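Breakdown of the fold
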Amino acid sequence: MHRLILGIESSCDETGVALVRLDAPGGTPVLLAHALHSQIRMHQAYGGVVPELASRDHIRHVLPLAREVLATAALDLQAVDVVAFTRGPGLAGALLVGAGVACALGAALGVPVLGVHHLEGHLLSPFLSADPPEFPFIALLVSGGHTQLMEVTGVGRYRLLGETIDDAAGEAFDKSAKLLGLPYPGGPELARLAQQGDPAAFKLPRPLLHSGDLDFSFAGLKTAVLTQARRLAQALPARAADLAASTQQAIVDVLVRKSLRALEQTGLRRLVVAGGVGANRCLRAQLDTACGERGVRVHYPELALCTDNGAMIALAAAMRLQAGIAAADRGYAFDVRPRWPLDALAH
Ligand code: KG4
Ligand code: ZN
């Protein structure tokens, strides 16, 4: 039985490292320590993530963060039994940093390594919360790059029910925020501004709301926000909060409606929300209300574990090893998969 797992996340613009302990074969993995370095301030000057800078910054931070979590947990590197890393999807160069460091550590320590799917990490992250879910459930995965509804019947058992046909929900937040003159990453900034605005002030499209399927489309929303911003012209600063609130409401409406439809279609009574947009308070409040009325339980990761982090990677590795559906190995091939659909993991 593997006991101590070091997890490394480096797929995009946060370097995350964590230590998770697996006590008993059927027990819940325990998070011992996690540490994060966000590159947001570095990328802000460019209005978005610059892949080459991201890779170099991961190199600078990954080992100091590993030392930090080991110190917090009062453990030596030699205590680590498995090194897990994000194998994909994400930026190729950024992923290679985590994979390279994981394999080098593994080889030096003589312990196996395990590459983890980033979205599986997000999806399982609520298992580290005070209110962990139970299988089966519907997962609403809402990050900067993905918007998907999944039927989850166990670890590694993921059936894609619907996904975005263009922009992701996080992208819709980020691009709309940019049009409102807010800094990158726009999601949390737009949400903050929206608190002072009227969500009914502007009529914005809710694409595919009545499409009958579980797919999403957010590209049209960004165009509608651009049109409104241009029409407002000089008046934009005075109305920015209203436009932000209306944009947020349009995104949240679609996410709530489609999640409810996925629950109805499958007959499941449990929803798990994961990924960066899962930190959005407006989304949480409206999902809680809608699901509460229908007797559906909703689970979220802890706020600090909504956006990218190493804890979810160590956790996903622990749960895969525990379920016996993955084996850590000593090949140290450090191959990465920048594009990697989650349902390709199904076994
Ligand atoms: O999961 P994540 O950290 O990275 C990816 O795997 O993509 O998600 C980042 C996304 C960004 O688009 C960011 O703007 C969005 O999550 N986000 C939010 C909030 N916090 C982060 N969007 C809306 N409201 C928030 N509070
Ligand atoms: Zn992510």
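Residues numbered from 1 in each chain as written. Chains lettered and ligands numbered in written order. Predicted model: local features only at pLDDT ≥ 70, side-chain atom pairs only at ≥ 80, totals over all residues. Heavy atoms only, no water.

Observations concerning the pairing of strand S8 (residues 157-163)
For the record, the criterion: In short, DSSP must find at least two bridges between two strands for them to pair. The way it works is that DSSP assigns letters per residue, a run of H or I at least four long becomes a helix, a run of E at least two long becomes a strand, and they are numbered from the N terminus.
Pairing of strand S7 (residues 147-154) with S8 involves six bridges; the strand directions are antiparallel. For Leu-149, the partnering residue across the bridge sits in S8 and is Gly-162. Turn length for the S7-S8 hairpin, with the two strands adjacent in sequence and antiparallel, is two residues, and the turn residue Gly-156 shows positive phi of about 80 degrees.

Observations concerning the coordination of the zinc ion (ligand 2)
Note the following rule: With water omitted from the atoms examined, metal sites may look incomplete; donors here are N, O and S atoms no farther than 2.8 Å from the metal, or 3.2 Å in the case of Na, K and Ca. Only protein chains enter the area calculation, which uses a 1.4 Å probe; residues under 20% of their type maximum are buried, those over 50% are exposed, and those in between are partly exposed.
In the first shell of the zinc ion (ligand 2), the protein supplies His-118 (NE2), His-122 (NE2) and Asp-308 (OD), at 2.0 to 2.1 Å from the metal. Mapping the donors of the zinc ion (ligand 2) onto the primary sequence yields the spacing H-x3-H-x185-D. Of the two residues, His-122 sits in helix H4 (residues 118-124) while Asp-308 sits in the loop between strand S10 (297-299) and helix H10 (311-323), which places them 186 residues apart along the sequence. For the pair His-122 and Asp-308, one class covers both residues: buried.

Some details on helix H9 (residues 281-293)
The criterion, for reference: By this rule the span expected of a helix is its residue count minus one, scaled by 1.5 Å. By definition, residues are in contact when any of their heavy atoms lie within 4.5 Å. Pairs of N or O atoms are called polar contacts if they sit within 3.5 Å, as long as, within protein, a hydrogen donor faces a hydrogen acceptor (for residues adjacent in sequence, only side-chain-to-side-chain pairs).
Between its first and last C-alpha atoms H9 spans 18 Å; for 13 residues at 1.5 Å apiece the expected length is 18 Å, and the two agree. On its buried side, H9 packs onto strand S6 (137-142), helix H8 (236-266), strand S9 (270-274) and S10. At the N-terminal end of H9, a side-chain oxygen is found 3.1 Å from the backbone nitrogen of Cys-282, two or three residues along, and the residue is Asn-280. Just downstream of H9, Gly-295 is the residue with a positive phi angle, here 70 degrees.

Thoughts on the packing of helix H2 (residues 51-72) against helix H3 (residues 92-109)
Two quantities define a packed helix pair, namely the angle between the axes and the distance from one axis to the other. Just so we agree on the cut-off: For helices, the fitted line uses only the C-alpha atoms of the stretch in contact; every axis is such a line through C-alpha atoms, and the angle between N-to-C directions lies from 0 to 180 degrees. Relative orientations are named as follows: roughly parallel for angles under 35 degrees, roughly antiparallel for angles over 145 degrees, roughly perpendicular for angles from 65 to 115 degrees, and oblique for any other angle. Helix crossings are classified by the rotation of the near helix relative to the far one: an anticlockwise turn of less than a right angle makes the crossing left-handed, while a clockwise turn makes it right-handed. All amino acids are sorted into three groups, where Ala, Val, Leu, Ile, Met, Phe, Trp, Tyr, Cys and Pro are nonpolar, Asp, Glu, Lys and Arg are charged, and the leftover types, Gly among them, are polar.
Between H2 and H3, the least distance of the axes is 8 Å, while the angle of their chain directions is 25 degrees. Compared by their axis directions, H2 and H3 come out roughly parallel. Two packed elements cross with a definite hand, and for H2 against H3 that hand is right-handed. Residues Ser-55, His-58, Ile-59, Val-62 and Leu-63 of H2 form the contact with H3, whose own contacting residues are Gly-93, Ala-94, Val-97 and Val-101. Counted by class, the contact of H2 with H3 contains six nonpolar, three polar and no charged residues.

A look at the environment of Val-296
On the secondary structure map, Val-296 appears in the loop between H9 and S10. Take Val-296: its relative accessible area is 9%, and that puts it in the buried class. Along the primary structure Val-296 and Arg-269 are separated by 27 residues, whereas in three dimensions their C-alpha atoms are 4.8 Å apart. Sequence-distant contacts of Val-296, that is, excluding residues within four places in its chain, are made with Leu-263, Arg-269, Arg-270, Leu-271 and Cys-291.

Overview of helix H5 (residues 169-179)
Applicable threshold: An arc is given here, and it is the one of the directions from the helix axis to the C-beta atoms.
Along H5, the positions that sit buried rather than exposed are Ala-169, Gly-170, Ala-172, Phe-173, Ser-176 and Ala-177. Along the axis of H5, the buried positions cluster into a sector of 160 degrees, meaning they face one direction only. Looking at the buried positions of H5, the neighbouring elements they touch are S6, S7, helix H6 (186-194), helix H7 (219-232) and H8. A positive backbone phi angle near 80 degrees is found at Gly-181, which sits one or two residues after H5.

A look at the sheet that holds S9
As summarised here, the arrangement of the five strands in space is S8-S7-S6-S9-S10, forming an open sheet in which the pairing is mixed. Of all the strands in the sheet, the pair left with one neighbour each is S8 and S10. Neighbour-to-neighbour, the strand axes of this sheet turn through a mean angle of 25 degrees, independent of strand direction. Pairing analysis gives four bridges linking S6 to S9, with the strands arranged parallel. Bridged to Ile-138 within S9 is Leu-271.

Comments concerning the domain arrangement of the protein chain
To be explicit about the condition: An automatic or database domain assignment supplies the start and end points of every domain. By buried area we mean how much accessible surface two parts lose on assembly, using a 1.4 Å probe and totalling the loss over both. Any Lys or Arg side-chain nitrogen found within 4 Å of a carboxyl oxygen on Asp or Glu counts as a salt bridge.
Domain boundaries assigned for the protein chain yield domain 1 (3-124 + 306-345) and domain 2 (138-300). Between the C-alpha centres of domain 1 and domain 2 there is a distance of 27 Å. Listed per partner, the contact involves 22 residues of domain 1 and 22 residues of domain 2. For the pair domain 1 and domain 2, the summed buried surface comes to about 1700 Å²; carbon and sulfur atoms form 72% of the total. Sorting the residues of domain 1 by area buried against domain 2 places Leu-119, Leu-123 and Cys-306 first, and these three jointly supply 33% of that buried surface. In this structure, the connection of domain 1 to domain 2 is made through zero salt bridges.

Focus: the nonpolar core
Applied cut-off: Residues grouped as a nonpolar core are buried Ala, Val, Leu, Ile, Met, Phe, Trp, Tyr and Cys residues, joined through side-chain atoms within 4.5 Å.
Residues Leu-140, Leu-243, Leu-255, Leu-271 and Val-273 are the most contacted members of the largest nonpolar core, which totals 49 residues. Of all the secondary-structure elements, those providing two or more residues to this core are S6, H5, H6, H7, H8, S9 and H9. Among the elements that line this core, the one with the most residues is H8, at 13 residues. Once residues lying within four places of it in the same chain are set aside, the contact partners of Val-273 are Pro-126, Leu-140, Val-142, Gly-278, Leu-283, Leu-287, Val-298, His-299, Tyr-300 and Pro-301. Grouped together as the second largest cluster of nonpolar side chains are 38 residues, Ile-5, Leu-22, Tyr-158 and Leu-305 included.

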